[in-house]
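# Observations on chain architecture
One letter stands for each residue in the lines below.
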Amino acid sequence: MNTGDQDLPLRALGYEDGVILSPKNKSITLFFPVENWRSKPRRVDIRLDVEFSSLLDNYSSLTVLAGNVPVATIAKSNGTSQRVSVPLPANIITGPYLRVTLAGDAALSRVNCFDSFRESAWIVVHPGSSLHLTDYALSISPLPWDVWNSLTGTVRLGLPARPSSDEYAAGLRVAADMVRRGRQIAIVDAASDDADIVIDGSDPAQPRLRQSPKRPDSQLVIASEAQARALTVSSEFFAGSEPPPIFTVTQSPPLDGDRISLERLGLTTETRTFSSSTRIDIPLDMMVMPRGKIPTELVLFGQGSVLPKNELIILDYLVNDTLVKSEEMSDAILLNGLTLPIPREMLHRNNRISLEVRRLSSKSACQSEEPGLFQIRKGSYFAISKQDWQGNDIVDWVVNRDSSLNVVLSGSPTVDRASVPLVARLIADGVSPSSAIQVAFADQARPLGEKFIYVGDKVPPGALRFPVSLDRGRVAFTLGLTGEAISFTPGGRLTLVQRGKKQAYDGLWVYPGSSESMSGTQALGGAGDIGLYSGIASPRALQSSQREFSIEYAQAEDLAAFLNRYRVILLIGAWLTLTVIILYLVLRSRRSGAARKS
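Residues numbered from 1 in each chain as written. Predicted model: local features only at pLDDT ≥ 70, side-chain atom pairs only at ≥ 80, totals over all residues. Heavy atoms only, no water.

### Structural notes on the sheet that holds strand β26 (residues 404–409)
- Strand order in the open sheet formed by 7 strands is β27-β26-β28-β32-β31-β33-β34, with mixed pairing between adjacent strands. Two strands bound the open sheet, and with one partner strand each, they are β27 (436–441) and β34 (540–542). In this sheet, neighbouring strand axes are inclined to one another by 20° on average, regardless of whether the strands run parallel or antiparallel.
- Bridging between strand β31 (residues 495–502) and strand β32 (residues 505–511) involves 7 bridges; their strand directions are antiparallel. Counted as the bridge partner of V497 is V510 from β32.
- Along the sheet face, helix α2 (residues 165–180) touches β26 and β27 and points at about 135° away from the line of β27.
- Along the sheet, helix α4 (residues 413–430) makes contact with β26, β27, β28 (451–455), β31, β32 and β33 (530–533), crossing β28 at roughly 145°. (Pairing = 2+ DSSP bridges. Helix = DSSP H or I, 4+ residues; strand = E, 2+ residues; numbered from the N terminus. Axes fitted to C-alpha atoms, helices over the stretch in contact; angles between N-to-C directions. Contact = heavy atoms within 4.5 Å.)

### Considering the environment of G462
- Inspection of the secondary structure assignment puts G462 in the loop between β28 and β29 (475–479).
- Given a relative accessible area of 47%, G462 falls into the partly exposed group. (Buried < 20%, exposed > 50% of the residue type's maximum accessible area, 1.4 Å probe, protein only.)

### Notes on a nonpolar patch on the surface
- A grouping of V568, I572, W575 and L576 is seen on the molecular surface, where their side chains present a nonpolar patch of about 440 Å² in accessible area.
- Positionally, V568 belongs in helix α6 (residues 567–597).
- A relative accessible area of 54% places V568 in the exposed class. (Patch = residues over 30% accessible without salt bridge, like charges linked within 9 Å, V, L, I, M, F, W, Y side chains within 5 Å. Areas by Shrake-Rupley, 256 points an atom, 1.4 Å probe, with all protein chains shown as cover. Salt bridge = Lys/Arg side-chain N within 4 Å of Asp/Glu carboxyl O.)

### Considering the environment of I280
- One can find I280 in strand β18 (residues 277–285).
- Through-space distance from the C-alpha of I280 to that of I376 is 9.5 Å; in sequence the pair is 96 residues apart.

### Describing the packing of α2 against α4
- Their axes nearest at 8 Å, the elements α2 and α4 cross at an angle of 45°. In this view, α2 runs oblique relative to α4, as classed from their interaxial angle. With respect to the hand of their crossing, α2 and α4 are arranged in right-handed fashion. For the pair α2 and α4, contact is made by Y168, L172, A175, A176, V179 and R180 and by P413, D416, R417, V420, V423, A424, R425, I427 and A428, respectively. (Parallel < 35°, antiparallel > 145°, perpendicular 65-115°, else oblique. Left-handed = near helix turned anticlockwise from the far one by under 90°.)

Right, dumping it as structure tokens:
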């Protein structure tokens, strides 16, 4: 096996713009996957391209920690722009991930502590910074996940001319996973040498690689939805993406009666050290909630440092950056079952529960303070109750981990193949990666299922309520605030997606437009139960429950409008008719005169 050097840059972890440390974000933790390295490299370094604000004082620095062990400090006094290679001890690399923390100490002046909180006190670690592996075993024959994780930009997905329902399900799962990774999807023929991934159900073998003259490595061939599902899950162990800093949910969390503990959701209990403030963000995805239940309260247990005299701790509790409650503490930080409400009206598809701990002191600004400690203890939990939360917007449409998704396609290979990128976008945004995906065709007369995506120009069965009726011709949307007019013609250029509900049924109806309008994988940017897609510009979200726009359907024309529209043709027709009548009367008159003379 050949060996060589290899880099895993910050870009591969999703930090396209690098890492920016500021007064509000003084440190960040990066996770580099190491569990599935093919071999142990002889040496591992972290190579940093660091830039300090020129306004910082010379005591400012960037400290690198591997695990919890400091391994280097980069001082601003050595220059505002520095490229530094930090060797990491071999015994640091344990477990599935190498955790590297970048902690900044940035201040404009040590005389006035206020200067530590100005926006100009920044440190940037550029995206070219990387984890560098020396004498790392390079693959001679790539593995399926090597190809999977190497795909960037636009991924060409090869589909058969007439895919089966299982082949469609495999293609949608593959496309949705790629969209979650920020890739674009282009549909090509399965026989094309340009395809990156090929869906071919004729060979039920395991996912395999197929040589292609136009590809430097190989095409990845997937035969079924089950294979695609297994590959998307297993490839996560090989991907270079950062795991969520607090939650890492791999399965539906078990219930403890009417609660879900934070540790069951993967909440780490690391101790936070802070001088003036710290913030703990707890991502809460409604997808991980059991079906038919929602979180109503967050109950916290935690403890922090004993406070010096004349100091206070303010704990601000926010739901989706909206302040819900504040608590004032003195003497010590102590959370003994602190109950914080989660207002139902504030819940969205993805939520962020935040705790901001701020330290207030009567000391003079230039007097230094000893750092404080804070930790959320085990035993903290979300209280849940039996309520149905669905939301109304497309962006709030969720298929939980213990639910399945039914995709009903029109049955037209041209339309259905073209719809894969758009449907994959909808799946990536709202469907749990572990949810089952079943595909059927409209002519198979199967039930829609409680959660569904329906593609077609016919109204989905089941008498569901949709915001817009599409059986009355052209629809004109007029925005109330700007007066902008948007016209949608069934079968025209635009694709319209709308959300419909009836009792337990909740799904999306995709009314297909042109192939181009369904080729984009941009997420619907705003809130709304109607989405208009062009494939070129960003999708447009409209909310029917709010009076922000009016809908005008094409109506039958009255007589005056009809006469006005066709007046020229009618005048010509009338003139021709009158001419024929006059000729007829003249001829008849001549015949009558000739008959009398004879």
